[in-house]
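Each chain, written out:
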Amino acid sequence: MDFFVPNEDSCSDQEDGTGTLKWWQLSLVGVGCTIGTGFFLGSAIGIKITGPSIVFSFLLAAIGTYIVYNLLAKMTAQDPQDGSFCYYANKAYGRWAGFSCGWNYWASNILIMGSQLTALSILSRFWFPDVPLWIFASGYAVLSILVVLTGSNGFNRVENLFAIIKTAAIIMFIILAAAALFGWIHGDAKMPSFPNTGEEIFPEGLKGFWGSLIYAFYAYGGIEVIGLLATNLKKKEDAPKAGIIMLILLVIIYVLSLFFAVILAKHGAFTDKESPFVTALSAYNLDFFPHVFNGAIIIAGFSAMTAALFGVTTLLVTLADGGDAPKLFSKKVKKWKDLPLPSLVLATIGLIASIITAFLLPGKIYEYITTAAGILILLNWAFIIISALRILKVKAWGKITGMIGIILIIAAISGTLVEKTIRLGLVFSAGFVLLIAIVTLIMQKKVWKHAESN
């Protein structure tokens, strides 16, 4: 396949050329693209579920993320394709794998848009707490659609700025949190203390830690898209090195900020209605910080949601061109800058479904959608691993690390079973997977088999 699909924590294509990126440029682009509201807001749910041990969840997720990226980068270096991991799934296991992988990725991005939309609405209620969630969701959805209708040129020019805003917001928190920890900033909070017992580090026990893994993995979502950008490297063999540096930078940013957050605020203070970094500094005399930080997250989140809307629209056209979706969705309106209107309409229906769900389930909608999106992303990561193990000539250590990656993915997905507050998200994702499996089976029996016989 030949498409670029930004997901919840990714950004638009940064380079128009081919073979122009140096490895360190890809690393920096990856950092800016991966950070998003999945970390800014989703990590609050993880902290609420497991407490200070969320730091270990993010370290484990980093290991799993590296395994996935490393294998994808090696496949890219061996067989560079402008398509995606779906191409490698097709190459390894046949058309059914590429088809189901593509539609699973489309579904995950639809859920990611819903997750972003809900996150933006929750964050906006920081200033307007009495406004219903669905009203904000409707407003952001309309604005995002309008951006798509005007074309992508202007949006692409400011995408780098949005990535800078996201990264700068976290760095600002780290600096302020360090100042608070060392007593340079005073407030109403008690002197921060380091958790030093097992009960303090794991206040919700092993079950809570297990359930938090899905949110840690979700924060690294987008690594598969950076694998696509690796085709723009001057030296394709530098892709694994770029991934290692990118993940080291991400882990430093993520772990430092979460470490400060869980030290500066008590476990019970965190809520999914507010960024954990705002919560951590709420007791200090920093009246400007919540507003500036909240605004930065909203700007960054809106850019990511709009990029995802561009992405799913483009992906559906590609699926249609390849015969894996109805031809209707490949049609474009030349008067509207070759806008793929049918594809956009279907993506809009997904946004509307998110708004309706936000209206019906205003209390837990973000947790449910984020959990479901995270599970679908991890299923595609599993596709990457098993495809690589079949395509590449992997030595014993490579097979072992691949199995470790699969085990971590299974652990993250199964963790949603033990945590009842996010279990419904597993049901949502299972519904998508079941539907895709049924359609894939029908296509295998009725369409592809018939086409091969002719």
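(A) Representation of the overall build of the protein chain. The secondary structure content of the protein chain amounts to 18 helices and zero strands. Taken over 454 residues, the protein chain has a buried fraction of 58%. In the protein chain, once contacts between residues fewer than 6 apart in sequence are set aside, the share between residues at least 24 apart is 82%. A total accessible area of about 18800 Å² is found for the protein chain, and carbon and sulfur atoms account for 67% of it.

(B) Seen up close, the packing of helix α7 (residues 133-149) against helix α14 (residues 288-321). Contact geometry of α7 with α14 gives a least axis separation of 10 Å together with a crossing angle of 55 degrees. For the element pair α7 / α14, the angle class is oblique. Classified by chirality, the crossing of α14 by α7 is right-handed. Contacts between α7 and α14 involve Tyr140, Leu143, Ser144, Ile145, Val147 and Val148 from the former and Ile298, Phe302, Met305, Thr306, Leu309 and Phe310 from the latter.

(C) Local environment of helix α10 (residues 205-219). An ideal rise of 1.5 Å per residue puts 21 Å on 15 residues; α10 measures up with 22 Å between its terminal C-alpha atoms. Three or more residues of α10 are buried, namely Gly208, Phe209, Gly211, Ser212, Leu213, Ile214, Tyr215, Ala216, Phe217, Tyr218 and Ala219.

(D) Spotlight on the packing of aromatic side chains. Counted under the stated rule, the structure contains 24 aromatic pairs. Summarising the aromatic geometry, the rings of Phe128 and Phe136 are spaced 6.3 Å apart at their centres and angled 40 degrees between planes, so their arrangement reads as tilted. Note on Phe128: relative accessible area 48%, which makes it partly exposed. Classification of Phe136 by relative accessible area gives buried; the value is 15%. Among the aromatic residues, those joined into a ring-pair cluster are Phe39, Phe40, Phe58, Phe173, Tyr220, Tyr254, Phe277, Phe289 and Phe293.

(E) Quick look at the packing of helix α4 (residues 54-78) against helix α16 (residues 365-391). Their axes nearest at 9 Å, the elements α4 and α16 cross at an angle of 50 degrees. Put simply, α4 runs oblique to α16. With respect to the hand of their crossing, α4 and α16 are arranged in left-handed fashion. Contacts from Thr65, Ile67, Val68, Leu71, Leu72, Met75 and Gln78 of α4 reach α16 at Trp381, Ile384, Ile385, Ser387, Ala388 and Ile391. Considered class by class, the residues forming the contact of α4 with α16 number 10 nonpolar, three polar and no charged.

(F) Focus on the pattern of salt bridges. Applying the stated criterion across every chain, the model contains two salt bridges. For Lys91, the salt bridge goes to Asp79, with nearest N and O atoms at 2.9 Å. Taken together, the positions of Lys91 in helix α5 (residues 85-93) and Asp79 in the loop between α4 and α5 put the pair 12 residues apart, joining distant regions of the chain. Residue classification places Asp79 among the buried positions, given a relative accessible area of 15%. With a shortest N-O distance of 3.0 Å, Arg95 and Asp324 are connected by a salt bridge. With Arg95 in helix α6 (residues 95-124) and Asp324 in the loop between α14 and α15 (341-360), this pair connects stretches of sequence that are 229 residues apart.

(G) Broad picture of the nonpolar core. By size, the foremost hydrophobic cluster in this structure holds 144 residues, and its most contacted members are Phe173, Tyr220 and Trp381. Residue contacts for Tyr220: discarding those within four places in its chain leaves Thr34, Phe58, Ala61, Ala62, Thr65, Leu247, Leu250, Val251, Tyr254 and Trp381.

(H) A look at the side chain of Ser212. With respect to the element layout, Ser212 can be found in helix α10. Reaching out from Ser212, the side chain makes a polar contact with the backbone oxygen of Phe209 at a distance of 2.7 Å. The contacts of Ser212, once residues within four sequence positions are left out, are Gly46, Ile49, Thr50, Ile54 and Ser57.

(I) Here's a closer look at the confidence of the model for the protein chain. Summary statistics for the protein chain give a mean pLDDT of 81 and a share of 85% for residues scoring 70 or more. No element of the protein chain has a lower mean pLDDT than helix α11 (residues 223-229), which averages 63, and none a higher one than helix α17 (residues 396-418), which averages 93. Between residues 1-17, whose pLDDT stays under 50, and residues either more than four places distant or in other chains, the model counts 83 contacts.

(J) How the structure looks around the side chain of Ser108. With respect to the element layout, Ser108 can be found in helix α6. Residue class for Ser108 comes out buried when judged on its relative accessible area of 0%. When near neighbours in sequence (up to four residues on either side) are disregarded, Ser108 contacts Ala373, Leu376 and Ile377.

(K) Geometry of α5. Turning to α5, its buried residues number three or more, namely Phe85, Cys86, Tyr88, Ala89 and Ala92. Viewed along the axis of α5, the buried residues span an arc of 160 degrees, placing them on a single side of the element. Just downstream of α5 lies Gly94, where phi reads positive at about 110 degrees.

Definitions and limits used
Residues numbered from 1 in each chain as written. Predicted model: local features only at pLDDT ≥ 70, side-chain atom pairs only at ≥ 80, totals over all residues. Heavy atoms only, no water. Helix = DSSP H or I, 4+ residues; strand = E, 2+ residues; numbered from the N terminus. Buried < 20%, exposed > 50% of the residue type's maximum accessible area, 1.4 Å probe, protein only. Contact = heavy atoms within 4.5 Å. Areas by Shrake-Rupley, 256 points an atom, 1.4 Å probe, with all protein chains shown as cover. Axes fitted to C-alpha atoms, helices over the stretch in contact; angles between N-to-C directions. Parallel < 35°, antiparallel > 145°, perpendicular 65-115°, else oblique. Left-handed = near helix turned anticlockwise from the far one by under 90°. Expected span 1.5 Å × (residues − 1). Phe/Tyr/Trp six-rings, centres within 6.5 Å; stacked < 30°, edge-to-face > 60°. Nonpolar A, V, L, I, M, F, W, Y, C, P; charged D, E, K, R; others polar. Salt bridge = Lys/Arg side-chain N within 4 Å of Asp/Glu carboxyl O. Core = buried A, V, L, I, M, F, W, Y, C linked by side-chain atoms within 4.5 Å. Polar contact = N/O pair within 3.5 Å; in protein donor to acceptor, adjacent residues only side chain to side chain. pLDDT = per-residue confidence, 0-100. Arc of directions from axis to C-beta.

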